[in-house]
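Single-letter residue listing:
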Amino acid sequence: MPAVQAENISYVYSAGTPFERPALRGVSFACEKGEYVGIIGHTGSGKSTFVQQLNGLLTPSEGRVLVGGVDIRSSKAALREARFRVGLVFQFPEYQLFEETVYRDISFGPRNMGLPADEIDERVREAAVFAGLSEAELGKSPFELSGGQKRRAAIAGVIAMRPEVLILDEPTAGLDPAGRDSLLANIDGYRDRQGAAVIIVTHSMEEAARRADRLVVFMDGLVALEGTPSEVFRHAAALREMGLALPAAAQIAGKLKARGVPLPDGLYTSAALRDALVGLLGGSYAS
């Protein structure tokens, strides 16, 4: 049974008004427990609208969303349970932070779950370590934080609920390269420890290629392409038509191959390209 599933969902903004705009059109999707899915597409393609359906933040105009096989709109209890089981970190963390202190913000979800005080405290501190927040930062107002720190606090607030499905919309925005790599490694660790599904909306093709088991490409509210990174990135022309580009490593590999360098197909990450070049230099290129 999928951890989360969408069945033929559509969504229309400002329905019945002159500003009516379809954002999703008959999208079906399933994510298994432990799976890592990358959602990609240009701005306005429907990515963020789609992931907000998966924990009930938005209600489909048509179709339904199931968590653990249960329609999340079948009852108030089912919707409440879905929001604990499917954690969503928004693209703009300032919309997710509202309490007096970072500590209270992170504890908001566990408190609403009705957990005892000692477990709430344990989860808050565990999530803060996960997100790279210091003890001093826990006592600050979230509005005193930098953009990158707000992003970390928002992620910690979701992690504290220990969701079975972790959805992150552009999670590395506002982070420097070291912070980005650390956060993504921690997300990998959370997935491994909890067996959770991870769904990440990203504009970084390198991140998508390096970590995702499967990619879903959105275009005009539809799923335009879906498959492993290797399967999706084979459609270079179609991706370019959608305003997307291959990962930088794939572009470099293509240019090298065009100049006669005998590289294999399927080099979509910098690590894979490096290893292929090292292999060439250690073999026929050694002299």
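Use the structure listed above.
Here goes a summary of the coordinates provided. All values derive from a computational prediction rather than experimental measurement.

## What about the overall build of the protein?
Along its length, the protein carries 12 helices and 10 strands. Compactness check: the protein gives a C-alpha radius of gyration of 21 Å against a globular reference of 19 Å for 287 residues, within 12% of the reference. Projected onto its principal axes, the C-alpha positions of the protein cover 65 × 50 × 35 Å. For the protein, the residues scored as buried account for 49% of the 287 residues in total. Taking as baseline every contact in the protein between residues at least 6 positions apart, the subset at least 24 positions apart corresponds to 62%. As presented, the protein carries roughly 13400 Å² of accessible surface, and 52% of it is formed by carbon and sulfur atoms. Averaging the locations of the 31 positively and 35 negatively charged side chains of the protein gives two centres separated by 2 Å.

## A look at empty space enclosed by the protein
To locate leftover empty space, one rolls a probe as large as a water molecule over the atoms. Under the defined criterion, the tally for this structure stands at one cavity of 30 Å³ or more. Tyr36, Gly38, Leu184, Ile200, Thr202, Glu207, Ala208, Arg211 and Ala212 are the residues that line the largest cavity. Counting residues per element, the ones that place at least two in the lining of the largest cavity are strand E3 (36–40) and helix H8 (205–211). Looking at the lining of the largest cavity, the element that brings in the most residues is H8, giving three residues. A per-class count over the lining of the largest cavity returns five nonpolar, two polar and two charged.

## Section: the sheet that holds strand E5 (residues 70–71)
Within a sheet, each strand pairs with its neighbour through backbone hydrogen bonds, oriented either parallel or antiparallel. One open sheet accounts for four strands, arranged E2-E1-E4-E5; its pairing is antiparallel. Strands at the two margins of the open sheet, each flanked by one partner only, are strand E2 (21–31) and E5. With seven bridges joining them, strand E1 (residues 4–13) and E2 adopt antiparallel strand pairing. In the sheet register, valine 12 faces E2, and the bridge partner there is proline 22.

The rules behind the values
- Position numbers for residues count from 1 along each chain, tracking the sequence in the order it is written.
- The predicted nature of this model means local features are confined to residues of pLDDT at least 70 and side-chain atom pairs, given and counted, to a pLDDT of 80 or more, with totals for whole chains, interfaces and linings taken over all residues.
- For side-chain calculations, the full set of non-hydrogen atoms in the structure is used, while hydrogens and water are omitted.
- Only runs of H or I of at least four residues qualify as helices and only runs of E of at least two qualify as strands under DSSP, and these elements are numbered from the N terminus.
- Every radius of gyration here is taken over C-alpha atoms, with the globule rule written as 2.2 Å times N^0.38, N being the number of residues.
- Each residue is assigned to one of three classes by its accessible area relative to the maximum for its type, calculated with a 1.4 Å probe on protein chains only: buried under 20%, partly exposed between the two thresholds, exposed over 50%.
- Contact criterion: two residues are considered in contact whenever any of their non-hydrogen atoms come within 4.5 Å of each other.
- Accessible areas in this description were obtained via Shrake-Rupley with a 1.4 Å probe; residue shielding takes into account the shown protein chains only.
- Two residue types count as positive, namely Lys and Arg, and two as negative, namely Asp and Glu; His and chain ends fall outside the count.
- By convention, charge coordinates are those of NZ in Lys, CZ in Arg, CG in Asp, or CD in Glu.
- A 1.4 Å probe that fits into a set of points on a 1 Å grid over the protein atoms alone but cannot get out defines a cavity; an open set with protein on both sides within 12 Å along at least five of seven lines defines a pocket, and lining residues are those with an atom within 4 Å of a point.
- Grid points are joined across faces, edges and corners, and a volume is the space filled by probe spheres set on the points.
- In the scheme used here, Gly and all other residues not listed as nonpolar or charged are polar, with Ala, Val, Leu, Ile, Met, Phe, Trp, Tyr, Cys and Pro taken as nonpolar and Asp, Glu, Lys and Arg as charged.
- By this definition, two strands are paired if DSSP reports at least two bridges between them.

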